[in-house]
Structure formats: C-alpha cells, structure tokens
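What follows is each chain in one-letter form.
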2 protein chains.
Amino acid sequence: MLQSGLFSKISKEFPKDEESLNSRLLIRAGFVKKLSAGVYSFLPLGLRVLHKIVDVVKEEMNELGAEEMLMPSLVPKAAWERSNRWNVDVAYKLNSQFGGEFGLGWTHEEVVSDIAKNFIFSYQDLPKAVYQIQTKFRDEKRPKSGLLRGREFLMKDLYSFHADEADLNRYYNLVIGAYKKIFKRLNLEARVTEALGGAFTKEYTHEFQILSGAGEDTIIYCAKCDFSQNSEVVKARAGEKCPDCGNALKKSRAIEAANVFKLGTKYSDAFDLKFKDKSGNSKPVVMGSYGIGPSRIMGALVEIYHDESGIIWPEAVAPFQAHLINLSQKSKVKSQKLYQKLQKQNVEILYDDRDISPGQKFAESDLIGVPLRLVISEKTAGKVEVKQRNSDKIKLVTEKEVIKILSSGKG
Amino acid sequence: MLQSGLFSKISKEFPKDEESLNSRLLIRAGFVKKLSAGVYSFLPLGLRVLHKIVDVVKEEMNELGAEEMLMPSLVPKAAWERSNRWNVDVAYKLNSQFGGEFGLGWTHEEVVSDIAKNFIFSYQDLPKAVYQIQTKFRDEKRPKSGLLRGREFLMKDLYSFHADEADLNRYYNLVIGAYKKIFKRLNLEARVTEALGGAFTKEYTHEFQILSGAGEDTIIYCAKCDFSQNSEVVKARAGEKCPDCGNALKKSRAIEAANVFKLGTKYSDAFDLKFKDKSGNSKPVVMGSYGIGPSRIMGALVEIYHDESGIIWPEAVAPFQAHLINLSQKSKVKSQKLYQKLQKQNVEILYDDRDISPGQKFAESDLIGVPLRLVISEKTAGKVEVKQRNSDKIKLVTEKEVIKILSSGKG
C-alpha cells in the first residue's frame with residue numbers, strides 16, 4: 001500500500017475529547033475515528049488490525065469444531081420478555097413504525113435458543129456449538145475507555161448445547177483452552193479470573209483479565225500461581241495468603257477481554273428447548289455461552305504495546321509487516337522496486353512514497369507502529385536499513401536478505 | 001463437513017409464514033431462519049454462501065483501489081440533520097438513556113463525509129475511495145420478499161471523493177465496470193438501468209436490475225441492445241421502439257441488486273468538506289456513492305437458480321463444492337476415506353454420513369443444491385457415481401478422477 005494513497009492521515013495532535021490512551025493513539029495515528037462517545041469507525045488501517053484479530057479468533061473457534069453463523073441486531077421485545085431481559089439497563093430499545101418494539105442485540109442467548117429449537121430434538125443432536133462475529137450494542141452510562149468499552153463494538157459470541165452438566169463442563173474447559181491459545185497468539189497475557197455472572201447467571205463465571213492500569217475491573221491475583229479473582233467476588237484480599245500456594249496476593253486493575261458462562265437451563269427453559277435422552281425422556285438442553293471482544297482486544301493491545309512515540313503492534317496483528325520509507329529523490333526508483341518485489345511475495349507492506357521530511361516520516365512510522373521499518377536513502381548505498389519498532393538497533397542488509405526475512409515470516 | 005454435525009437440518013415442510021420463493025427454499029434447506037418480518041439469521045450453510053458473495057465483491061472493490069473500512073450503525077441525530085435526512089421514512093430511531101438520539105445507519109454518506117473532512121485538504125488528496133461491508137437497517141413497511149427486501153441486511157457501500165465532475169464521471173464508469181464483473185462472476189445477468197435517485201439525488205442514477213418475476217421493480221428494456229429504464233422514470237413504454245436500436249421494448253419485473261449514484265456536492269456542502277485546488281481556491285469535494293447488497297444477491301440467486309426439487313447454487317457461491325453421499329453400511333469406510341482425501345486437498349465437501357434412507361439423502365441433497373453430487377454404495381463397485389445438480393446425467397468414475405475434477409476447480 002502506498003502511504004500517499006492511504007485514506008487516513010496522521011493528526012498533528014492528540015484528540016481533545018478522548019481520555020483513554022488507546023483511543024488517543026488510535027485516533028491520532030488514523031486507525032479509528034470517534035463518531036460519538038463509545039462509538040468508533042474503523043478506518044482502513046484499524047480494520048486491517050481488527051480483521052487480523054478476528055481471523056485468529058475464528059481459526060480457534062473452527063478448530064473447536066464450532067460453526068460460524070450470523071444473527072440479527074433487531075431482536076423483538078417478545079424474545080427478551082421470555083427470558084425476562086427486556087428491562088436490562090444496557091439495552092437500546094426502538095419502535096418500528098410498522099412492526100413493534102425491538103431491543104438491539106447486546107447478546108444473543110435468546111435468539112440462538114429459539115433457533116436451536118428447530119434443530120435439536122434428540123441426544124444424538126448434541127453437543128452442538130455455533131458462534132458469530134457480530135456487532136453488539138450496549139447503552140453504557142459513560143464510556144470513556146476508548147475501545148475498551150464501546151456502545152457499539154465487535155464481539156465473538158459462542159453458544160454451546162449439551163445433554164448434561166458433565167458435557168457442558170467438558171466443553172467449558174475446551175473453550176478456556178481455545179481462549180488461552182487465542183491470547184497467546186495475540187501476545188496478550190490474560191489471567192483466567194473467577195467472577196460474578198452479571199445479567200447472565202448467578203453462578204461464578206470466568207473472565208480473561210489482562211493486567212493494565214487502563215482496565216475498568218480490579219482483580220486480586222497471585223503472581224506465583226494461577227489464582228485470580230475479580231474483586232467483585234470479595235473473597236480474597238490483596239496482601240492475604242493465596243489459598244492455592246500461600247504467596248501474598250496482589251491487586252491490579254485489569255481489562256476483561258473475554259468471558260465464559262455456564263448458562264445451565266436458564267434459556268432452554270425460557271424457550272422450551274428440550275431433547276429426548278436415550279431412554280426417551282424429555283429434558284432441557286444445557287447451555288454455555290462464551291464471549292470475546294475483538295475490538296476491545298485491539299484497545300488492550302495498544303494499552304500494553306506502546307511507548308512515548310506511538311503504537312508497537314505485535315506481528316500477529318500489525319496492519320502491515322513492514323514499513324518501507326524512502327528518504328531521497330535519488331533513491332526513489334530503488335525503493336519503488338523493492339516495494340514491488342515485496343508485494344509480489346505477498347508481503348504486506350506500507351510504502352511511504354511521500355515527499356515530506358525524514359523526521360516527519362520517522363515520527364509517523366513510530367506512531368503507526370508497524371513491526372519492521374525499512375529505510376532506503378542515498379546513504380544506504382544500495383542496501384536497506386532495517387530497524388524493529390521495539391528496538392533501537394539498526395542493521396544494514398541487502399535487498400535479498402530483506403525479502404528473505406519478510407517472506408519467511410509468512411504462512 | 002460431516003452432515004451429521006451440521007447445526008441446521010432440513011425441514012420436512014416449507015415455512016408457513018413466508019411468501020417468497022427465496023426465503024421458503026432457504027429456510028427449508030437450513031440456510032437462513034426468520035426472526036421477524038424482513039429480519040433473518042444466517043445459519044452456517046447460509047453464511048458460507050454470503051461470505052462467498054462478499055469475497056467476490058471485496059476482491060473487485062480492492063481491484064478498484066478502494067480501501068475497506070467499517071462505520072457504526074449508531075449515527076447521531078445531528079449528523080442526519082445536517083443533510084436534512086433525519087425524517088426519512090426508512091430510519092429506525094432510538095433514544096439513548098445517556099447519550100441523545102440516534103438513527104440506525106441505513107446508508108453512510110453523512111458519516112463518511114464527516115470522516116473525510118479530517119483527511120482531505122488539497123487536490124493532492126483526491127481522488128479517494130473507501131467501502132465497507134456492513135449491516136444496514138431500514139424500517140420497510142411490509143417486507144415480504146425474503147432476502148430481497150430486509151429490515152436488516154448486509155450491504156457493501158462504496159464512497160468516492162473527487163476534485164471535479166469529470167473525475168467523478170470517470171470513476172462512476174469504473175465502478176459500473178467493477179459491478180459488471182461482480183455479477184458475471186456470480187452468474188447473474190444484471191441490466192444497467194436508468195432510474196430516479198430516491199432520497200439520495202434528483203439526477204438519474206443507474207441500477208443493476210436482474211430480470212425476475214420476484215423483483216419489486218418494473219423495468220422497460222430492449223432485448224437486442226443495452227437500453228433499460230426503471231418504469232418509475234416513465235419515459236419509455238413496452239411495445240414502443242427502442243430509442244437506441246429501434247427494436248420493440250419489453251417490460252419485466254426485476255430485482256434491484258446494486259445501484260450507483262452521482263452525489264455531486266450535496267453531502268460535502270452539508271458537512272463543509274472542501275479542498276484547495278491547484279490555484280489555492282477552496283472548492284467542495286464532488287462525491288459518488290455505490291451500493292451492492294450481498295444478502296439480496298443471495299436471495300436473487302435462489303430466485304434464478306432453482307427447480308422443483310430445490311436450490312441449484314452456481315459454483316462461485318455454493319456452500320460446498322461437492323456433496324458426498326454414502327448409501328450403505330458396507331461402503332462407509334470407502335466414503336470416509338474419500339471424504340478425508342478431498343479434505344486434504346482443501347476441497348469444500350459436505351459428507352452425508354447419516355444412517356437414513358437413500359431417498360431422503362437425495363431429496364435433501366437436491367434441496368441444499370451443492371453443484372456436484374458424489375454417491376458411493378455397494379453398487380458403485382469401488383467407483384464413484386458423479387452427477388451435477390443441474391443435470392440428469394450420471395457418470396461412474398474412479399476416485400482419482402473425482403479428486404482431480406474437484407482439485408482443479410480450485411484457485
């Protein structure tokens with residue numbers, strides 16, 4: 001991609017109406033644009049990152065054997081009333097001129113249970129799991145954490161259907177395993193944390209919490225073992241001994257990036273979702289639901305991976321693999337040729353072909369945060385100056401080596 | 001994919017609350033599920049088709065050099081008021097408990113113009129084009145055409161920005177060319193048809209109309225040349241001589257699958273989107289907008305490609321390339337092996353591994369409409385019975401040939 005052709009541009013200043021670090025950086029660097037509080041457009045640069053996060057999530061969901069589907073946002077009032085969730089605070093409600101009242105989907109247990117009724121009849125139809133990558137709407141009181149809490153945001157929600165609690169428990173642990181893989185692939189350390197179920201369930205649930213001062217949650221955790229509780233659970237306290245290993249517990253702000261819920265039969269009861277077991281007895285289907293927020297994860301990545309000059313994207317989600325910068329008129333042909341060669345190798349490359357000062361190019365490159373910077377100028381004498389965004393070391397290498405480094409990073 | 005594991009199942013009967021052929025077939029065969037009038041869930045089978053249509057559309061948009069982005073659905077009242085479109089019939093409106101009034105995005109000229117203001121300053125920043133694949137909401141009075149007219153539906157909307165009318169005209173024709181390619185790849189014959197601009201513009205615009213009795217539009221067209229007008233234009237009449245070639249004009253119902261609009265400066269004026277020309281004069285940006293409906297196209301494909309037994313998907317959009325059907329217990333191992341071999345070759349294959357009658361398997365296979373049917377039984381004696389969905393000819397071929405046919409169809 002030619003930088004001169006990019007739809008977005010770097011802003012000279014940080015936005016004045018944003019408090020959170022992630023949205024301040026993402027807006028200034030041209031990844032997102034705010035439409036209203038908690039509502040953002042994803043500009044081409046930002047959508048590239050979001051798609052990469054979504055791709056990782058989808059791969060792991062498919063690996064689990066879950067099937068992708070897509071449910072609507074216009075969910076009729078009657079569906080919410082069956083589960084007693086019409087009067088939930090976060091619901092946006094609207095009246096159709098012609099067709100009754102709707103609540104915009106902020107989660108989809110109701111819709112998916114109603115659909116599953118058409119396809120689940122017998123124990124032989126179980127277990128089943130479906131997921132979607134879909135936009136959710138939640139009327140949050142005062143969203144001020146950028147992509148960490150949106151009124152409109154992208155969600156991956158997975159729903160599973162089982163014959164009994166034991167099978168739900170088995171699958172619940174599989175999903176926790178899949179989520180761990182996702183966070184590992186995204187270079188994020190997420191702690192599996194005990195929490196309350198909110199509007200979903202009265203049992204404890206598990207959240208994936210990323211330690212960060214920007215988080216809106218507080219967790220009590222052990223740095224030596226896996227113990228971690230959301231402070232809302234109020235069992236453990238910082239300073240106390242870890243109930244698992246005896247080490248002193250710590251307290252930290254954290255970003256809830258995913259959660260898993262055992263729903264039991266709450267929604268299958270409400271929607272009369274039953275199956276016949278081996279003995280021919282009719283039983284309610286046992287359900288689980290599992291959420292992960294790709295747009296929130298994008299915000300979390302910025303909170304974790306940045307420095308005073310800008311964003312530092314991990315390779316797995318970077319909008320481009322490399323940022324090629326040409327510094328002088330005389331080296332323009334050479335840069336152009338390398339750009340074309342890398343494109344031919346399917347390397348995702350952003351090429352700064354503009355006639356602006358080297359200082360501005362470097363500053364903008366640091367803001368955007370592509371992992372590898374390639375500089376060509378008169379001074380590089382036929383070679384390419386290579387620098388990683390998260391390091392100060394500069395190496396002078398041949399074109400051939402650059403192509404080798406970048407092509408080997410693929411697939 | 002094992003058919004026994006598929007989330008959806010074929011229904012024994014057509015849905016009772018649907019009038020349109022496309023939704024009746026798609027619901028019965030397990031591609032979509034109705035949530036309320038004009039609002040459908042895409043089940044795993046249906047989402048596979050929808051994704052393939054979207055992929056074709058995206059490839060041609062990227063080929064045009066347009067950049068993909070993603071805008072929100074929660075569009076503030078103030079944005080609609082600037083363009084005088086707050087009180088448009090199709091708008092769903094809602095009140096946030098905390099943050100004012102919103103109209104759900106039924107189109108995005110307002111949002112994209114407001115964003116473009118941050119990035120377009122000079123003639124050197126033009127032309128630019130961005131598109132999105134995004135869910136649109138329209139409060140339609142009485143949606144009864146299935147996927148052909150939804151209250152919630154998927155849309156590809158492209159917006160272009162130009163220095164003058166001449167450049168807009170140049171790009172407008174490029175987009176018409178890209179749309180022609182898209183319809184050709186999707187096996188759809190769409191006539192470029194002169195029409196009124198509706199809420200968008202008072203100039204004539206162009207629609208891509210697919211001849212079909214299920215369509216909600218009426219067009220007057222010439223079967224010998226390219227002349228085509230929406231009957232709302234009311235210039236030409238059926239039976240009259242074609243103004244271009246003199247042949248007698250025909251009349252037909254048609255499905256509007258895409259449209260292209262020259263917006264001029266309507267939205268750039270409303271949003272104060274200006275640029276400095278070469279002489280330093282400030283001028284309003286000239287805009288175009290171009291829509292294509294992937295979910296509507298899915299409905300149109302079913303209207304065009306079906307017979308009394310079910311859907312007949314064109315290869316480019318079929319949920320699977322082939323449907324492998326095992327007919328007897330004794331041939332199960334052979335079928336299983338072929339299934340695995342085809343999967344290894346990345347052939348998208350649906351394998352009916354269930355223990356139900358051959359008659360039911362064939363009937364369901366015809367309903368689902370995968371282009372190629374492969375049958376293995378005791379009778380096929382080590383070979384595979386191959387039949388295309390749109391033909392009655394049955395061929396007996398070796399496994400090797402099957403693998404060759406299906407692998408060569410790829411990439």
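Conventions adopted
Residues numbered from 1 in each chain as written. Chains lettered and ligands numbered in written order. Predicted model: local features only at pLDDT ≥ 70, side-chain atom pairs only at ≥ 80, totals over all residues. Heavy atoms only, no water. Least-squares fit on C-alpha atoms with pLDDT ≥ 70 in both. Phe/Tyr/Trp six-rings, centres within 6.5 Å; stacked < 30°, edge-to-face > 60°. Helix = DSSP H or I, 4+ residues; strand = E, 2+ residues; numbered from the N terminus. Buried < 20%, exposed > 50% of the residue type's maximum accessible area, 1.4 Å probe, protein only. Core = buried A, V, L, I, M, F, W, Y, C linked by side-chain atoms within 4.5 Å. Contact = heavy atoms within 4.5 Å. Domains from an automatic or database assignment. Buried area = accessible area lost by both parts, 1.4 Å probe. Salt bridge = Lys/Arg side-chain N within 4 Å of Asp/Glu carboxyl O. Polar contact = N/O pair within 3.5 Å; in protein donor to acceptor, adjacent residues only side chain to side chain. Nonpolar A, V, L, I, M, F, W, Y, C, P; charged D, E, K, R; others polar. Pairing = 2+ DSSP bridges. Axes fitted to C-alpha atoms, helices over the stretch in contact; angles between N-to-C directions.

## Things to note about the relation of the copies chain B and chain A
Taken as rigid bodies, chain B and chain A are interconverted by a rotation of 180° and an axial shift of 0.0 Å, the fit giving an RMSD of 0.0 Å. Within this description, the copies of the chain are treated as partners about a two-fold rotation axis. Within chain B, Leu 94 of chain B has its C-alpha nearest the rotation axis, a separation of 2.5 Å.

## Examining the packing of aromatic side chains
Throughout the structure, instances matching the rule amount to 18 aromatic pairs over all chains. An angle of 25° between the planes, with centres 6.1 Å apart, marks the rings of Phe 7 of chain A and Phe 161 of chain B as stacked. You can see Phe 7 of chain A sitting in the segment before helix H1 (21–28) and its partner Phe 161 of chain B sitting in strand E8 (residues 152–162), one on each of two chains. Each member of the pair, Phe 7 of chain A as well as Phe 161 of chain B, carries the same accessibility label: buried. On the numbers, 6.0 Å between centres and 65° between planes, the contact of Tyr 171 of chain A with Tyr 290 of chain A is edge-to-face. Taken together, the positions of Tyr 171 of chain A in helix H5 (residues 165–185) and Tyr 290 of chain A in strand E16 (residues 286–292) put the pair 119 residues apart, joining distant regions of the chain. Given the relative accessible area of 6%, Tyr 171 of chain A is considered buried.

## Observations concerning the nonpolar core
Ranked by internal contacts, the top residues of the largest apolar core, which has 75 residues, are Phe 161 of chain A together with Phe 161 of chain B. Excluding residues that lie within four positions of it along the chain, Phe 161 of chain B makes contacts with Phe 7 of chain A together with Val 112, Ala 116, Ile 120, Leu 126, Pro 127, Lys 128, Val 130, Leu 273, Val 285, Val 286 and Met 287 of chain B. Leu 6, Leu 45, Val 56 and Phe 208 of chain B belong to the second largest nonpolar core, which has 63 residues in total.

## Brief notes about the domain arrangement of chain A
Residue and element names in this part refer to chain A. Domain annotation for chain A reports domain 1 (11–307) and domain 2 (322–408). Using only C-alpha atoms to locate each centre, domain 1 and domain 2 end up separated by 39 Å. Across the boundary between the two partners, domain 1 contributes eight residues, which contact four residues of domain 2. With both sides pooled, the region where domain 1 packs onto domain 2 buries about 550 Å², and carbon together with sulfur makes up 56% of that total. Of all residues in domain 1, the largest losses of buried area upon contact with domain 2 belong to Ala 29, Lys 52 and Asp 307, amounting jointly to 44% of the total for that side. Measuring nitrogen to oxygen at the nearest pair gives 3.7 Å for the salt bridge that ties Arg 48 to Glu 348. Where domain 1 touches domain 2, the interface holds two residue pairs in polar contact (both at pLDDT 80 or more).

## A few points about the side chain of Ser 83 of chain B
Relative to the helices and strands, Ser 83 of chain B resides in the loop between helix H3 (77–82) and strand E5 (93–95). Side chain to side chain, Ser 83 of chain B and Glu 110 of chain B meet in a polar contact 2.4 Å long.

## So, the interface of chain B and chain A
Frequently, the measure chosen for interface size is the accessible area that the parts lose on association. Each partner contributes residues to the interface: chain B has 56 residues there, and chain A has 56 residues. Inspection of the region where chain B meets chain A yields two salt bridges. Note that Asp 125 of chain A is salt-bridged to Lys 9 of chain B, the shortest N-O span being 2.5 Å. For the interface between chain B and chain A, the tally reads 18 residue pairs in polar contact (both at pLDDT 80 or more). Residue composition of the side of chain B that touches chain A, grouped by class: 31 nonpolar, eleven polar and 14 charged.

## Digging into the sheet that holds strand E23 (residues 394–397) of chain A
Consider a sheet: its strands pair through backbone hydrogen bonds, and that pairing is either parallel or antiparallel. Residue and element names in this part refer to chain A. The strand order across the open sheet formed by five strands is E20-E19-E21-E22-E23, and the pairing between neighbours is mixed. The two strands at the open ends of the sheet, each matched to only one other strand, are strand E20 (349–352) and E23. Neighbouring strand axes in the sheet, compared pairwise and without regard to direction, differ in orientation by 25° on average. Across four bridges, the pairing between strand E21 (residues 372–376) and strand E22 (residues 384–388) is antiparallel. Residue pairing for E22: Leu 372 is matched across the bridge by Gln 388.

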